[in-house]
Each structure stands twice: as structure tokens, then as C-alpha cells.
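Summary of structural features
Letter by letter, the chains look like this.
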Amino acid sequence: MLNLIIGVSKYIFLITLALFTLLSFITLTGSRSKGVRFCFFLQSVALYVFHVISGIVIFANTEDITVIAFYIIGLIYFIMFRGLHTVFYEEAYDRGVMNDMCMLLDIGFVMLCRLDYQKAIKQFLIVIVISIVAIIIPVIIRKSRILAHLTYLYCFAGLGFLISVLIVGNITKGAKLFLSFHGFTFQPSEFVKILFVFFLAAFLSKDASFGRIVLSAFFAGLHIIILVISRDLGSALIFFMVYIIMIYIASKHIIYIFAGLSAGGIAAVAGYYLFSHVRIRVQAFLHPYADMNGTSYQISRSLLAIATGGFMGLGLYKGSPNKIPEVEMDFMFSAISHELGAFFAIILIILCASCFISFANIAMRQRDMFYKLIGVGLSITYAVQTVLTIGGAIKFIPSTGVTLPLISYGGSSVLCTIIMFGVFQGISVHAFDDEENEYQQNLEQNNSKSR
């Protein structure tokens with residue numbers, strides 16, 4: 001009976017995610033028609049079916065009664081979180097982004113429950129707490145008029161966090177990543193990603209002249225240099241890519257992209273010779289099976305897990321994803337491919353692409369350059385982090401040790417990613433207000449002319 005449940009669940013997971021992802025692209029039109037509303041409704045159904053079936057499968061395998069409570073509370077969370085946005089913001093918030101966020105979170109909970117149930121509970125508690133903040137963020141963006149004027153506060157707060165990690169941070173795998181306080185650990189670079197985008201948006205929205213860009217490069221360079229000294233090279237790469245794209249959008253001069261990529265190439269070569277762990281990761285990338293019990297153990301296990309999963313996967317609890325070191329953080333994509341299958345994993349990548357396009361659409365709706373740059377910066381942050389994680393797992397690029405947003409385990413990562421989604425809802429509400437004001441002004445002008 002258990003094998004039947006697991007076997008059937010694989011197809012239900014695949015069908016519900018495929019339907020959900022297809023509807024995500026259909027709803028990208030931004031239309032408020034009845035057809036699009038119906039698509040959002042079908043997405044909700046797919047989300048809840050996925051949630052309930054995953055709870056049944058996990059309970060059938062663990063026979064732990066607390067799993068039922070966990071999934072009932074999770075269902076209540078999704079209903080309330082989505083419902084409160086509708087109550088507070090009505091038509092102004094982006095339902096597509098909301099649904100994508102909930103589905104990605106749900107996939108993460110499924111895999112965390114399968115890999116380490118206690119970590120799943122811990123992550124869920126963090127999600128609940130930070131979701132309260134995420135609901136408030138659109139109010140702050142809608143009402144506040146000073147966010148664009150806090151330029152150097154964003155900059156020096158971010159630098160302060162990074163310097164504190166450099167001085168007193170805990171060393172993990174040769175890099176200083178975390179601060180510890182009374183048993184709690186926090187990775188400040190996750191939060192600084194948001195501050196960095198806000199700083200550049202505030203700095204470049206006022207003036208994108210050459211002198212201004214040189215000054216911005218100085219401050220951006222400080223962020224990246226501190227990350228490199230801390231050996232947090234994955235975050236340094238994300239900051240670097242975000243900076244290049246944001247200065248291009250602000251200045252509209254493509255030469256900055258070529259100059260930045262050239263400088264980045266030189267820095268990558270220098271990093272290879274300066275840091276031994278970078279050389280190890282590059283060698284593991286180039287020769288993943290040369291030292292399967294040593295330096296390339298992690299990537300070789302990742303590739304074997306993906307290969308043995310096949311197109312349809314082995315099924316939840318039928319594989320052995322725990323053999324991959326740090327699987328719940330760095331290689332969650334490999335675990336998904338292993339037990340849920342390559343088809344499921346490919347559709348997940350497409351869903352992440354849909355989420356990025358939704359972010360880009362929100363950014364392009366902004367009339368204010370400050371909010372436009374925020375949208376661009378955060379969407380690039382999401383895209384680069386997703387590519388680095390998945391690319392490292394499938395040996396497309398060397399592993400960088402960053403997490404898959406909303407899916408991998410990591411309190412700092414999920415906390416800051418939900419804040420990021422909250423910011424997108426905030427600038428979506430801001431764009432909606434601008435559009436409504438413009439509509440009302442045009443309506444009044446037309447009425448006055450008709451008189």
C-alpha cells in the first residue's frame with residue numbers, strides 16, 4: 001500500500017506543478033479579466049492539492065502524528081497569508097508572485113520534512129514570523145516618502161554588518177559567514193543583499209553620470225572586497241552581477257557591462273590563484289569523478305543522485321539523498337531530482353524563471369526610477385542566486401555554496417527572501433497606486449473637456 005501511495009504521488013506532484021507553472025505564465029499578462037482570475041483560482045487548487053498529498057505521503061512513511069499537525073498548520077498559514085494580502089491590498093498586490101512564493105515554500109517544506117523533520121519545523125517557525133513583516137512591508141513602501149533619501153544609511157549599515165562578520169564571524173568551511181548570538185546564528189550577507197540594492201537604487205536614481213558611477217563603484221567595491229576577504233565568494237559574485245546590471249539600467253550605457261565583465265573575469269582568475277578552496281571547487285567541477293572520496297565527493301554524489309533519479313524520480317523516501325553532504329542547503333536541487341525526478345526538476349526551473357519574469361514585469365511598471373532600480377536589483381539577485389545553486393548542483397558551474405531561494409534550508413536565506421518578496425509586493429502596490437492616480441487624472445481631464 002505504501003509503495004502504491006508513493007508511486008501515485010510522484011505523478012500527482014508532477015501534474016500539479018506542471019499545471020501551476022503553466023498557469024503562472026498565462027497570468028503574466030497582468031490582466032484583471034475573469035479568465036486570469038480563474039487561472040489564479042486553479043493555481044490555488046494546485047497548491048493545496050500538492051500540500052495535502054505531500055502531507056499524506058510523509059505521514060505514511062514516518063507514521064508520526066505530528067506531521068498531520070504540521071501540514072494542517074501549514075495549510076492554515078497559506079490560506080491566511082494569501083487572504084490577508086487580499087484584505088489589506090485588494091487588487092493592488094501581485095497574485096502571481098504570491099502564488100509562486102507559496103508553491104516554492106511548499107516544495108521546500110516537503111523536501112525538508114523528508115530530509116530532516118526538525119529543520120523543517122524550525123524553518124517553518126521562521127517563515128511564520130517573517131511573513132508578518134512581509135505583510136507590513138507594502139504599507140511601509142506605500143506610505144513612506146523617505147526611503148529614497150536614506151542612501152548612505154543603506155550603504156554604511158550594510159558595510160557595518162559585513163565588517164562585523166569579518167571581525168567576529170564564525171568560520172564555516174574556510175569562510176566567515178555567520179554571526180552567533182545566544183545560540184542563534186545569522187548570515188548578515190543575506191540581509192545586506194537587500195540593503196545593497198536599496199543603496200544603489202537611491203544613489204543612482206538621483207544621478208547616473210560618470211562621476212556618480214565611479215563613486216558608486218567605490219562603495220560597491222568595498223562590499224565585494226569585504227566579502228572576498230571573508231571568503232564568501234558566492235555572495236560576492238551576486239553583489240557583482242547586481243551592480244553591473246543596475247548601473248546599466250540607470251545609465252543606459254552598455255559599455256559598463258563589458259567593462260564590468262572584463263574586470264570580473266580578471267578577478268575570477270585572481271581568486272583561483274589566491275584561494276585554495278576555489279581551486280579545489282574548480283578541480284572538482286572539471287574532474288568530478290577523479291577523487292570521489294575526497295575533494296569531489298560532494299559534486300560526484302550530487303550527479304549520481306540526479307542520474308539515479310531518472311525522469312520520474314525514485315519517489316519520496318525511496319532514494320538516499322542524505323548521502324550528499326549539506327544536501328538540505330547547497331544541493332537541495334539534487335535531492336529533488338533524485339526523488340521527484342528530472343521532469344519535476346525541469347518544471348521547477350521553469351517556475352523559477354516565471355517568478356523572475358514576474359519580478360521584471362513589476363520593475364518595468366515603475367514610473368519612479370528609485371523603485372524601478374529596486375525591482376531590477378532584487379530580480380537579478382534572485383535570478384543569479386538560483387542559477388548559482390542549480391548550476392552548481394548539475395555541474396554547469398563550480399559550486400558556490402549558496403542556497404536555492406525559499407526551498408533550501410537556512411533561516412537567514414528564507415527570512416531575507418520572504419522580505420524580498422514583500423518588497424516586490426510593496427512596489428507592485430506602489431505601481432498600482434500610480435496607475436490608478438493617472439487613470440483618475442485622465443478621467444477628470446476628459447470630463448472637463450466634455451463640459
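Given the structure is predicted, the values throughout are model-derived calculations rather than measurements. Numbering of residues starts from 1 in each chain and follows the order in which that chain's sequence is written. Where totals are concerned, whole chains, interfaces and linings use all residues; where local detail is concerned, this predicted model gives features only for residues with pLDDT of at least 70, and gives and counts side-chain atom pairs only at 80 or more. To obtain the side-chain values, all non-hydrogen atoms of the structure were used and water was disregarded.

Re the packing of helix H8 (residues 210–229) against helix H9 (residues 233–251)
Every axis in this analysis is a line fitted to C-alpha atoms, fitted for helices over the stretch in contact. Angles between the N-to-C directions lie between 0 and 180 degrees. Per the convention used, a helix needs a DSSP run of H or I reaching at least four residues, while a strand needs a run of E reaching at least two, with both numbered from the N terminus. Contact pair H8 / H9: the axes reach a minimum separation of 8 Å and the direction vectors enclose 170°. Classified by the interaxial angle, the pair formed by H8 and H9 is roughly antiparallel. Contacts from Ile213, Ser216, Ala217, Ala220, His223, Ile224, Leu227 and Val228 of H8 reach H9 at Leu233, Ser235, Ala236, Phe239, Phe240, Tyr243, Ile247 and Ser251. Three categories are distinguished: nonpolar for Ala, Val, Leu, Ile, Met, Phe, Trp, Tyr, Cys and Pro, charged for Asp, Glu, Lys and Arg, and polar for the others, with Gly belonging to the last. Split into classes, the residues belonging to the contact of H8 with H9 amount to 12 nonpolar, four polar and no charged. Should an angle fall under 35 degrees it is called roughly parallel, over 145 degrees roughly antiparallel, and 65 to 115 degrees roughly perpendicular, with every other angle called oblique. Contacts between residues were defined by any pair of non-hydrogen atoms, one from each residue, lying within 4.5 Å.

Things to note about empty space enclosed by the protein
Cavities and pockets were defined on a 1 Å grid built over protein atoms only: a cavity is a set of grid points that admits a 1.4 Å probe from which the probe cannot escape, a pocket is an open set flanked by protein on both sides within 12 Å along at least five of seven lines, and lining residues are those with an atom within 4 Å of any such point. Grid points are joined across faces, edges and corners, and a volume is the space filled by probe spheres set on the points. Following the criterion strictly, the structure yields four cavities of 30 Å³ or more and no others. Estimated volume of the largest cavity: approximately 70 Å³. Lining the largest cavity are Glu190, Lys193, Ile194, Thr381, Tyr382, Gln385, Pro405, Ser413, Cys416, Thr417 and Met420. Listed by contribution, the elements that provide at least two residues to the lining of the largest cavity are helix H7 (188–206), helix H15 (369–393) and helix H16 (411–450). If one sorts the elements of the lining of the largest cavity by residue count, H16 sits on top with four residues. Looking at the lining of the largest cavity, its residues break down into five nonpolar, four polar and two charged.

A look at the layout of surface pockets
A water-sized probe rolled over the atoms picks out the places where empty space is left. The volume enclosed by the largest pocket comes to roughly 1100 Å³. If you go around the largest pocket, you meet 38 residues; those closest to its centre are Leu233, Leu237, Gly264, Ala267 and Ala268. Of all the secondary structure elements, the ones that give two or more residues to the lining of the largest pocket are H8, H9, helix H10 (255–274), helix H11 (276–286) and H15. Considering only residue class, the lining of the largest pocket consists of 29 nonpolar, eight polar and one charged.

What about the side chain of Ser54?
Checked against the element boundaries, Ser54 lands in helix H2 (residues 34–62). Aside from chain neighbours lying at most four places away, what touches Ser54 is Phe13, Tyr71 and Val110.

Topic: a nonpolar patch on the surface
A patch consists of residues exposed above 30% relative accessible area that lack any salt bridge, with like charges linked at up to 9 Å and nonpolar side chains (Val, Leu, Ile, Met, Phe, Trp, Tyr) linked at up to 5 Å. Note on areas: Shrake-Rupley, 1.4 Å probe, and residue coverage restricted to the protein chains presented here. Salt bridge, as applied in this entry: a Lys or Arg side-chain nitrogen positioned within 4 Å of an Asp or Glu carboxyl oxygen. Side chains of Ile65, Ile68, Ile72, Ile76, Met80, Leu84, Val87 and Phe88 sit close together on the surface and give an oily, nonpolar patch of about 740 Å² of accessible area. Inspection of the secondary structure assignment puts Ile76 in helix H3 (residues 65–89). The classification of residues rests on relative accessible area computed with a 1.4 Å probe and restricted to protein chains. Under 20% of the type maximum is buried, over 50% is exposed, and intermediate values are partly exposed. The exposure class of Ile76 is partly exposed, given its relative accessible area of 44%.

A word on the nonpolar core
Residues Leu105, Ile107, Ile336, Phe344, Leu348 and Ile418 are the most contacted members of the largest nonpolar core, which totals 129 residues. Top element by residues in this core is helix H4 (residues 95–115). It accounts for 14 residues. Once residues lying within four places of it in the same chain are set aside, the contact partners of Ile336 are Ile107, Met111, Gly341, Phe344, Leu348 and Ile407. The nonpolar core is taken to be a set of buried Ala, Val, Leu, Ile, Met, Phe, Trp, Tyr and Cys residues, with the residues joined through side-chain atoms within 4.5 Å.

Notes on the pattern of salt bridges
With the rule as written, the count across this model stands at five salt bridges. For the salt bridge of Arg37 with Glu91, the shortest nitrogen-to-oxygen distance reads 3.2 Å. Linking Arg37 in helix H2 with Glu91 in the loop between H3 and H4, this pair joins segments that are 54 residues apart in sequence. Exposure remark for Arg37: the relative accessible area of 42% places this residue in the partly exposed category. With a closest N to O distance of 2.4 Å, Glu328 and Lys119 form a salt bridge. With Glu328 in the loop between helix H12 (297–309) and helix H13 (332–340) and Lys119 in helix H5 (residues 117–143), this pair connects stretches of sequence that are 209 residues apart. The class for Glu328 is buried, based on a relative accessible area of 13%.

A short note on the confidence of the model for the chain
Note: pLDDT gives the predictor's confidence per residue, expressed from 0 to 100. On average, the chain scores 86 in pLDDT, and the residues at 70 or more come to 92%. Averaged over each element, pLDDT in the chain is lowest for strand S1 (residues 170–172) (65) and highest for helix H14 (residues 342–364) (94).

A few points about the packing of aromatic side chains
Working definition: an aromatic ring pair is given by the centre-to-centre distance plus the angle between the planes. Pairing of aromatic side chains here covers Phe, Tyr and the six-membered ring of Trp, requires ring centres within 6.5 Å, and sorts the geometry by plane angle: under 30 degrees stacked, over 60 edge-to-face, intermediate tilted. In this structure the tally under the stated criterion is 29 aromatic pairs. Measuring from ring centre to ring centre gives 5.5 Å for Tyr77 and Phe81, while their planes differ by 15°; the resulting arrangement is stacked. In this pair, Tyr77 and Phe81 are both assigned in helix H3, four residues apart and thus about one turn of the helix distant. For the pair Tyr77 and Phe81, a shared accessibility class is recorded, and that class is buried. Cluster of aromatic residues (ring-pair linked, three or more members): Phe70, Tyr71, Tyr77, Phe78, Phe81, Phe109, Tyr117 and Phe124. Above the plane of the ring of Phe203 lies Arg212, whose end atom (NZ or CZ) is 3.9 Å from the centre. We call a charge positioned over a ring when the NZ of a Lys or the CZ of an Arg lies within 6 Å of the ring centre and within 35 degrees of the ring normal.

Re the environment of Phe50
Its location among the elements puts Phe50 in helix H2. Separated by 53 residues in sequence, Phe50 and Met103 place their C-alpha atoms 8.6 Å apart. Once residues within four sequence positions are removed from consideration, Phe50 is found in contact with Phe13, Thr16, Met103, Asp106, Ile107, Val110 and Phe344.

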